[in-house]
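Residue strings, one per chain:
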Amino acid sequence: MTLKTARPGNLFAYGRKVVVQVEAKEAESVEWRVTDLDGAEVAKGKGAVEIANLPHGYYELTVKAGESTAKLAFGVVSDHSAKEPPSGRLNVDGATAWLERQGRHDAIAQMLRTAGIGWVRERFSWGGTEPEKGKVNWQQYDATADAFAKHGVRVYQIFHDSPAWSHGGKKNTRNPADLRDAYAFAKRLAEHYKGRVQAWEVWNEPDIFFWPDLSDTFAGLQKAAYLGFKAGDPSLPVLIGSFCRGRCAFDENLFDAGIRDYFDIFNWHIYAPPEAYPGTLGRYLELLKRHGCDGRPVWLTEAGIRLRATEPDGEINAADERRQADFVPKSFAWSLAAGTDSHFFFVLPYYLEHGVQFGALRKDLSPRPGFIAIAAAVDILGEAQFLGVRQEGGFTAMAFHNGTERVLVVWSNAAREVELAVAAEKVVVANCVGRRRDCDAAGGKLKLAIGPSPQYVIGVGDEVIKGFGGTPRPEGKLPTTQPSPIVVRGQAQVATLDKNSDAYVIGDEPFAYAVETCNFGERAAAGRIALELPSGWKAEPTQATVSLEPMGRAVTEFRITPGAAALGPQRIRVKPVFNKCSPAPAVSSFRFDLARVKPTKELGLGLDEPGKWQKNISGNGTMEVAAGKDGGVRFEATFTAPGDRWCYPKSDFGRAMDFSPWQAITFEYRCHGDDEQMAVRLQLIEPQGSCYLTGTGWKARKEWTRATAAFSDLAWGSYSPKDPNGKLDTKAIRALMIGLNTPRAAAWLEVRNVKLVRLER
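Residues numbered from 1 in each chain as written. Predicted model: local features only at pLDDT ≥ 70, side-chain atom pairs only at ≥ 80, totals over all residues. Heavy atoms only, no water.

1. Some thoughts on the sheet that holds strand β37 (residues 586–592)
Within the open sheet, the six strands sit side by side as β29-β30-β37-β36-β32-β34. Their pairing is mixed. Each edge of the sheet is formed by a strand with only one pairing partner; in this case those strands are β29 (497–498) and β34 (543–548). (Pairing = 2+ DSSP bridges. Helix = DSSP H or I, 4+ residues; strand = E, 2+ residues; numbered from the N terminus.)

Quick look at the structure:
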């Protein structure tokens, strides 16, 4: 038995009849019933499935014919297809060019248009379209762009790969060696997709592994691509590469490199509880304000909920589908309250990643409740101008103006009944998938049963928001930037990068530092390149003159000799001075590999005896402590069940120790083998239990390896008690732990020569 509808994605317009075709051998015995989001039966019948007057919402149809049973999910939504495309406050990340097969994009575009979703975020492959330099095949992406353009859905595109020829076949990089290639590619994109793609993003999440290089190389790419997009279409908005880690060294260095003139829209991602959005965006806005660009549009272009696929074929169970639907209004509301101008739910199609399902649609394009929740939010919140928020005792109410009337989004952590002041005698209340009911509010008071699933209260009065807090962020405006056509990019020829701290890792050996200068202007340019170095560092030569024709390029190599080892980041700033223009600088950050720096003073802690250590391992494992074969101690861990696998034996000093005369701890370690998936970390523990640990730690190594952790680099572990003063107090250290995190079922670690050290004279 098969069930079919004539509607793309089984998405029916409110006010129209729901019709489902049933193809069954025993058609004369067909019986059917329809249930809503809560599992309540709302319709039933025999024979043909035709249902009139279904309210907005998510539904499941169950049909029986003889011994056969079939199910079909569908939704009833307000039909926006005949209206002007909305401005796009609430949108979806589609990635349909990659996640959906050709031939289905037209149906997806119709679904978005019906639901009133104004923008879709897409994906593009540079390597896939230009595998050989100059030979471009647009076919795959043309079909996607054409389908969305046909139905009036705005597309914003992103590329985050590069062809092998663009970086000389080098592994572990995606950085084009010649910025002119990135410029030319962006220019072709803007020209070819003019009118079909309304915005472009330069790279997805460059602050993590999607861009394995540092911010200095990415700054050059962003600048060159921005100029290329503008050369192809001056009116085209360009987003900065999406930030996802929260404000970090990568972002700081990028903005110090003058990136402000090379993007129009700020772009960020988050996968966290929605109430965390304002704090995260607030820190980004502080950075933008410092660089004079906080008034620009802010787009949150990925925000989703991770749901473990526990059902066959990568599906999620009904309870998690409900969690996704409940997440949507909260995510939208907190994002807009934080100051986001446009929000994109991640992700529209079925998408299984490492056992986690993100999609709002199923494989057959039928909707999950989450997609109907998106359609309901778009319909009810409309222009979604944030007015304020009220929180107390687990209850949350957020107020918006949808362009016509005021709307509250309300929920609470636990089921309860509340009396809301709505300043109206009648309101409409809708659940998370848009099912509405008329409610009386005598004397302007509404009694409402609420819980973790958000509800909308539509048509509340003006005075409702008087008790609400929060300052709405003014709508972001596209800037009028004046970027210099001269782009400089500095890159150190250093083997080791620390992505976490956005720094090249160096010792005291000299290294090469190459400065690439490109002229993307229409006139010849001449000037000089000078380096601003940390104290005590030297460069040979100290500066260089550069003369460039239009689209000219020059690479100048400097030999850098570091000064005395120092803690914290050290930066080289490339300062270009050219006639008639002021190019942005290039900034590269470095940190000394403390394990390669000879201490000026050291003190052994006497921890080479097994009796100095206490067992400490996750609940799914057991461990043993013994003497090491070459001195020190050996920790052997065995894990008997899935889950978080960690082993951190502890050495308790019995009292608070004063480490303040020292700058770091150093030790030697070795493991079962060279294992990139296993991390060795050190933790210091204050008397009240707060833990401070190394971030990325050190990779497992078969041979004895020296590790050094500066106290200033240790960060508070959120699993430990909150520290009242919010920082590590080296005058009071009660214990330390050295251990491992691993996916393996068994692992061992040997540690010896744990010492306190000073590194500076």
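Resuming the write-up.
2. What to know about the pattern of salt bridges
Under the criterion given, the structure shown has 52 salt bridges. Residues Arg571 and Asp256 are paired through a salt bridge, measuring 3.0 Å at the closest nitrogen-oxygen approach. Taken together, the positions of Arg571 in strand β36 (residues 570–578) and Asp256 in helix α7 (residues 249–256) put the pair 315 residues apart, joining distant regions of the chain. The class for Arg571 is partly exposed, based on a relative accessible area of 34%. Here Arg390 ties to Glu392 by a salt bridge, and the two come within 3.2 Å at their closest N and O atoms. (Salt bridge = Lys/Arg side-chain N within 4 Å of Asp/Glu carboxyl O. Buried < 20%, exposed > 50% of the residue type's maximum accessible area, 1.4 Å probe, protein only.)

3. Points about unusual backbone geometry
Between Phe346 and Val347 the backbone carries a cis peptide bond, its omega angle lying at 5 degrees. Here Val347 is to be found in the loop between β17 (342–346) and β18 (352–353). Cis geometry is found at the peptide bond from Glu540 to Pro541, where omega equals 0 degrees. Its place among the elements puts Pro541 in the loop between β33 (538–540) and β34. At Asn172, a residue that is not glycine, the phi angle is positive and equals roughly 60 degrees. Within the fold, Asn172 resides in the loop between β11 (154–159) and α5 (179–192). With relative accessibility at 72%, the residue Asn172 sits in the exposed group.

4. Some words on the pairing of β36
By the alternation rule, side chains of β36 split into Gln570, Ile572, Val574, Pro576 and Phe578, which are all buried, and Arg571, Arg573, Lys575 and Val577, of which none is buried. Sheet topology places strand β32 (residues 525–532) next to β36; six bridges connect them, and they run antiparallel. When the bridges of β36 are listed, Ile529 appears paired with Pro576. The pairing of β36 with β37 spans five bridges and is antiparallel. Bridge assignment links Val574 to a residue of β37, and that residue is Ala586.

5. Re the side chain of Gln222
With respect to the element layout, Gln222 can be found in helix α6 (residues 215–232). On the accessibility criterion, Gln222 (0% relative accessible area) is buried. Gln222 has contacts with Val202, Val238, Leu239, Ile240, Gly241, Ile259, Tyr262 and Phe263, leaving out every residue within four places of it along the chain. (Contact = heavy atoms within 4.5 Å.)

6. Focus on the pairing of strand β30 (residues 503–506)
Covered by surrounding structure in β30 are Ala503 and Val505 together with Tyr504 and Ile506, the residues of both alternating faces. Bridging between β29 and β30 involves two bridges; their strand directions are antiparallel. Its bridge partner lying in β30, Asp498 is registered against Ala503. The turn joining β29 and β30, which pair antiparallel and follow one another in sequence, is formed by four residues; a positive phi near 55 degrees is taken by Asp502. In this sheet, β37 lies alongside β30 in parallel orientation, the contact comprising three bridges. In the strand pairing of β37, Tyr504 is matched with Phe590.

7. Thoughts on the sheet that holds strand β28 (residues 486–492)
Working definition: the strands of a sheet are paired by backbone hydrogen bonds and lie parallel or antiparallel to each other. The antiparallel open sheet is built from four strands, whose spatial order is β28-β31-β35-β33. In the strand order of this sheet, the two ends are held by β28 and β33, each with one partner. On average, each strand axis in the sheet is inclined to that of its neighbour by 25 degrees, with strand direction left out of account. Taken together, the seven bridges between β28 and strand β31 (residues 511–519) define a ladder with antiparallel strand orientation. Note on β31: the bridge partner recorded for Gln491 is Ala514. Sitting on the sheet, α5 touches β28, β31 and β35 (553–561), and the angle it makes with β31 is about 35 degrees. (Axes fitted to C-alpha atoms, helices over the stretch in contact; angles between N-to-C directions.)

8. Focus on the packing of α5 against α6
α6 packs onto α5 with a crossing angle of 35 degrees between their chain directions and a minimal axis gap of 7 Å. Relative to α6, the crossing made by α5 is right-handed. On α6, the residues that touch Leu179, Ala182, Tyr183, Ala186, Lys187, Leu189, Ala190 and Glu191 of α5 are Gly220, Leu221, Ala224, Ala225, Leu227, Gly228, Phe229, Ala231 and Gly232. Grouping the constituent residues of the contact of α5 with α6 by class yields 12 nonpolar, three polar and two charged. (Left-handed = near helix turned anticlockwise from the far one by under 90°. Nonpolar A, V, L, I, M, F, W, Y, C, P; charged D, E, K, R; others polar.)

9. Some thoughts on the packing of helix α8 (residues 277–290) against helix α9 (residues 318–338)
Interhelical geometry of α8 versus α9 gives an angle of 30 degrees and a closest axis separation of 9 Å. Between α8 and α9, the crossing angle belongs to the class labelled roughly parallel. The chirality of how α8 crosses α9 is right-handed. Within the contact between the two elements, α8 uses Tyr277, Pro278, Leu281 and Leu285 and α9 uses Phe327, Ser331, Trp334, Ser335 and Ala338. In terms of residue class, the contact of α8 with α9 is made up of seven nonpolar, two polar and no charged. (Parallel < 35°, antiparallel > 145°, perpendicular 65-115°, else oblique.)

10. Some details on the layout of surface pockets
Approximately 620 Å³ is the volume attributed to the second largest pocket. Lining the second largest pocket are 25 residues, and of these Glu205, Phe210, Tyr271, Glu302 and Glu353 sit closest to its centre. Taken together, the elements giving at least two residues each to the lining of the second largest pocket come down to α1 (96–99) and β14 (266–270). Looking at the lining of the second largest pocket residue by residue, the classes come out as 14 nonpolar, five polar and six charged. (1 Å grid on protein atoms, 1.4 Å probe; cavity = no way out; pocket = protein on both sides within 12 Å on 5 of 7 lines; lining within 4 Å. Points joined across faces, edges and corners; volume = space filled by probe spheres on them.)

11. Things to note about the environment of Gly15
As for its position among the elements, Gly15 is in the loop between β2 (11–13) and β3 (18–23). On the basis of relative accessible area, Gly15 is assigned to the exposed category, the value being 64%. Residues Gly15 and Phe124, 109 residues apart in the sequence, show an inter-C-alpha distance of 38 Å.

12. Section: the packing of aromatic side chains
As enumerated under the stated definition, the model contains 49 aromatic pairs in all. With a centroid separation of 5.8 Å and 75 degrees between ring planes, the pair formed by Phe124 and Trp200 is classed as edge-to-face. Taken together, the residues Phe124 in the loop between β10 (119–121) and α3 (126–129) and Trp200 in strand β12 (residues 199–202) connect sequence positions 76 residues apart. Accessibility expressed as a relative area gives 1% for Phe124, which makes it buried. For Trp200, a relative accessible area of 1% puts it in the buried group. (Phe/Tyr/Trp six-rings, centres within 6.5 Å; stacked < 30°, edge-to-face > 60°.)

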